[in-house]
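A structural walkthrough
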Amino acid sequence: MANVSLLSSVHRALDGRIFYREARTLAQAGHAVTVVALHPRDEVVDGVQILGLAPRPRTQRPRLWRMLLRRAVATQADIFHIHDPELLAIVPWLRQQTGRPVIYDVHEANAEFAAMKAASLLRAGADDRAPQTDSGLIQGVRDGVAALEPRLAATCAGIITADERIAQTFADLARPRAVLYNYPTLEFVEGAASGYAQSFASQTAPTILHLGTHTAARGARLMIEAFAQVRKAIPSATLLLVGPFHPPALADELNARARAFGVENGVVLVGQAPFAEVGSYLRRATVGWIPLQSTPKYEMNIPTKLFEYMAYELPIVSSDLAPVRPYLAGGECGLLVESGNPSAHAAALLALLRNPNQAAKMGTAGRRLVETRYNWSIIAPQLIALYHQVLTQG
């Protein structure tokens with residue numbers, strides 16, 4: 001078995017994909033696994049060695065990369081597994097110093113993600129539904145990353161992507177590849193509250209949950225406006241926002257927006273929560289919400305929260321986007337609505353809250369799909385097989 005080192009200068013060491021899915025799978029397969037990523041200390045968790053990195057501001061990111069590189073080399077790994085596109089820049093040095101192969105794990109459609117970040121800087125403070133300004137600068141960012149990323153990835157010995165759309169970016173690379181969706185682990189599924197469907201109808205204070213990062217493009221402002229309509233019809237309803245706010249000032253803006261709509265007593269901003277605590281919030285929820293806006297990035301990536309909601313038997317209200325549509329079209333597990341229309345979101349939420357039997361059936365159908373088709377144990381063997389292939393090829 002191999003000595004494996006998973007590396008990230010952006011993600012937390014106990015990230016849902018890096019640690020709970022991949023690192024633990026590799027450790028269970030007999031590999032010696034180290035994760036070098038953001039963490040307050042060095043420690044062993046579930047048989048995985050964590051080597052912590054202190055977070056640094058963007059202006060000091062090169063210093064963080066140097067520290068990561070030093071700690072990575074010190075692991076004397078047989079294979080390295082990077083999780084950030086910026087770490088592609090250190091692959092030549094890593095290979096020069098160690099002679100070991102590197103796997104690149106692509107979480108996002110990075111060209112679209114970079115373009116979205118550029119757009120957010122140009123459109124700071126704009127409403128979620130304001131027209132997208134695809135300026136020459138934004139297009140230049142998109143084209144530059146789209147051209148550069150696969151070229152740099154060619155220095156890696158294997159490619160992992162989080163879905164098929166991302167995989168197309170690297171279709172021309174003759175490298176071992178695997179598509180590993182962010183399906184929940186069976187442990188996560190089994191930890192979901194049993195009998196949720198039967199208890200749905202008894203909930204007198206419904207909770208609408210949004211899980212994940214909050215930004216304008218993810219519908220943060222729209223959620224407050226839509227929830228105000230829900231709260232007017234069901235005064236006991238609560239909106240629970242679990243996940244970081246980017247930029248951090250967005251949290252204050254959303255609180256102010258809630259006050260302006262008169263729903264400040266019904267909106268709870270939890271902020272960043274460790275992955276191990278996510279289940280406790282899912283258990284409190286009545287409906288899972290995916291209000292992503294129609295941007296090029298969100299028309300490409302499948303939101304992880306979709307499967308987490310399903311695992312906890314939550315009926316779902318989602319923006320009608322291409323990646324989500326195959327899972328919710330037909331209304332078996334949830335409802336699709338126009339992405340930028342707060343009234344449509346509110347109407348769908350109210351439809352579920354007012355029809356608990358229908359909502360419970362949707363939740364049951366979603367959980368059944370996760371148990372039988374959309375769980376990590378089904379695709380985990382592909383990770384082990386890719387490692388074997390890369391290690392065998394040297």
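Rules used in this analysis
Residues numbered from 1 in each chain as written. Predicted model: local features only at pLDDT ≥ 70, side-chain atom pairs only at ≥ 80, totals over all residues. Heavy atoms only, no water. Helix = DSSP H or I, 4+ residues; strand = E, 2+ residues; numbered from the N terminus. Buried < 20%, exposed > 50% of the residue type's maximum accessible area, 1.4 Å probe, protein only. Contact = heavy atoms within 4.5 Å. Areas by Shrake-Rupley, 256 points an atom, 1.4 Å probe, with all protein chains shown as cover. Lys, Arg positive; Asp, Glu negative; His and termini not counted. Charge placed at Lys NZ, Arg CZ, Asp CG, Glu CD. Core = buried A, V, L, I, M, F, W, Y, C linked by side-chain atoms within 4.5 Å. Axes fitted to C-alpha atoms, helices over the stretch in contact; angles between N-to-C directions. Parallel < 35°, antiparallel > 145°, perpendicular 65-115°, else oblique. Left-handed = near helix turned anticlockwise from the far one by under 90°. Nonpolar A, V, L, I, M, F, W, Y, C, P; charged D, E, K, R; others polar. Pairing = 2+ DSSP bridges. Phe/Tyr/Trp six-rings, centres within 6.5 Å; stacked < 30°, edge-to-face > 60°. Expected span 1.5 Å × (residues − 1). Arc of directions from axis to C-beta. Right-handed = clockwise from strand over helix to strand, strands pointing away.

Turning our eyes to something else, we now look at the overall build of the protein chain. Scanning the protein chain from terminus to terminus reveals 16 helices and 14 strands. Considering the protein chain as a whole, with its 394 residues, one finds that 53% of them fall into the buried category. Considering only residue pairs separated by 6 or more positions, the protein chain has 70% of its internal contacts joining residues 24 or more positions apart. For the protein chain, the computed accessible surface area is about 16,500 Å², with 52% contributed by carbon and sulfur atoms. A gap of 3 Å separates the mean positions of the 38 positive and 33 negative side-chain charges of the protein chain.

A separate point is the nonpolar core. With 66 residues, the main nonpolar core has Leu6, Val35, Leu282, Leu306 and Met310 as its most contacted residues. Tallying contributions element by element places helix α16 (residues 376–393) first for this core, with seven residues. With residues up to four places along the chain from it excluded, the contact list for Leu6 reads Ile18, Glu22, Ala23, Leu26, Val33, Thr34, Val35, Val36, His81, His83 and Tyr387. Grouped together as the second largest cluster of nonpolar side chains are 32 residues, Ala220, Ile224, Ala251 and Ala346 included.

What follows is about the packing of helix α4 (residues 110–122) against helix α5 (residues 136–153). Where α4 meets α5, the axes come as close as 8 Å, and the angle between the chain directions of the two elements is 155 degrees. By the angle between their axes, α4 is roughly antiparallel relative to α5. When the axes of α4 and α5 are compared, the crossing they make is right-handed. Side by side, α4 and α5 meet where Asn110, Ala111, Glu112, Ala114, Ala115, Ala118, Ala119 and Leu122 of the first sit next to Leu137, Ile138, Val141, Arg142, Val145, Ala146 and Glu149 of the second. Counted by class, the contact of α4 with α5 contains 11 nonpolar, one polar and three charged residues.

It is worth spelling out the pairing of strand β7 (residues 158–161) at this point. What you see with β7 is no split at all: Gly158 and Ile160 on one side and Ile159 and Thr161 on the other are buried throughout. In the sheet, strand β6 (residues 102–106) pairs with β7 via four bridges, with the strands oriented parallel. The residue of β7 that forms the bridge with Ile103 is Gly158. Bridge count between β7 and strand β8 (residues 177–179): three bridges; the pairing is parallel. Of the residues in β8, the one forming a bridge with Thr161 is Val179.

Here the residue pair His246 and Pro247 is connected by a cis peptide bond, since its omega of -5 degrees sits within 30 degrees of zero. Note that Pro247 resides in the loop between β10 (238–242) and α10 (249–261). One non-glycine residue, Asp46, adopts positive backbone phi at about 50 degrees. With respect to the helices, strands and loops of the structure, Asp46 is situated in the loop between β3 (43–45) and β4 (48–53). Positive phi is not limited to glycine here, since Gln76 has a value of about 55 degrees. Residue placement: Gln76 occurs in the loop between α2 (61–74) and β5 (79–82).

In this structure the tally under the stated criterion is 11 aromatic pairs. Taking the centre distance of 5.3 Å and the plane angle of 10 degrees together, the rings of Tyr181 and Tyr183 count as stacked. Of the two residues, Tyr181 and Tyr183, both sit in the buried class. Site record: aromatic cluster; members linked through ring pairs are Phe19, Tyr20, Phe188, Phe275 and Tyr312.

Take the sheet that holds β10 next. Across the sheet, which stays open at both edges, the six strands sit in the order β11-β10-β9-β12-β13-β14 with parallel pairing between neighbours. Sheet topology places β11 (267–271) and β14 (334–337) at the edges, where each strand pairs with a single neighbour. Across the sheet, the mean angle from the axis of one strand to that of its neighbour is 20 degrees, orientation sign disregarded. Examined bridge by bridge, strand β9 (residues 207–211) and strand β12 (residues 287–290) share two bridges and lie parallel to one another. Along β12, the bridge assignment pairs Ile208 with Val287.

Below, the discussion takes up α2. Between the first and last C-alpha of α2 there are 20 Å, a value that for 14 residues agrees with the 20 Å anticipated at 1.5 Å per step. Within the span of α2, buried status applies to Arg61, Leu64, Leu68, Leu69 and Ala72. Buried positions in α2, seen along its axis, are confined to an arc of 140 degrees and lie on one side of it. Summarising the geometry of α2, the exposed residues directed more than 90 degrees from the buried face are Arg70 and Ala74. On its buried face, α2 is in contact with β1 (3–12), β2 (32–38), β4, β5 and α3 (91–98). Looking at the residues trailing α2, positive phi occurs at Gln76, about 55 degrees.

Successive residues of a regular strand alternate their side chains across the two faces of the sheet. Going residue by residue along β12, you find Val287 and Trp289 tucked away on one face and Gly288 and Ile290 tucked away on the opposite face as well. Crossover connection from β12 via helix α12 (residues 304–311) to parallel strand β13 (residues 316–319): handedness right-handed.

So, about the environment of Ala23. Position of Ala23 relative to the elements: it lies in helix α1 (residues 16–28). Residues Ala23 and His81, 58 residues apart in the sequence, show an inter-C-alpha distance of 10 Å. The residues contacting Ala23, other than those within four sequence positions of it, are Leu6, Ile18, Val33, Val35 and Val48.

Contact pair α2 / α3: the axes reach a minimum separation of 11 Å and the direction vectors enclose 30 degrees. Of the possible angle classes, the one that applies to α2 and α3 is roughly parallel. Considering how the two elements wind past one another, α2 and α3 form a crossing that is right-handed. Between α2 and α3, the contacting residues are Leu69, Ala72 and Val73 on the first element and Trp93, Leu94, Gln97 and Thr98 on the second. Across the contact of α2 with α3, the residue classes break down as five nonpolar, two polar and no charged.

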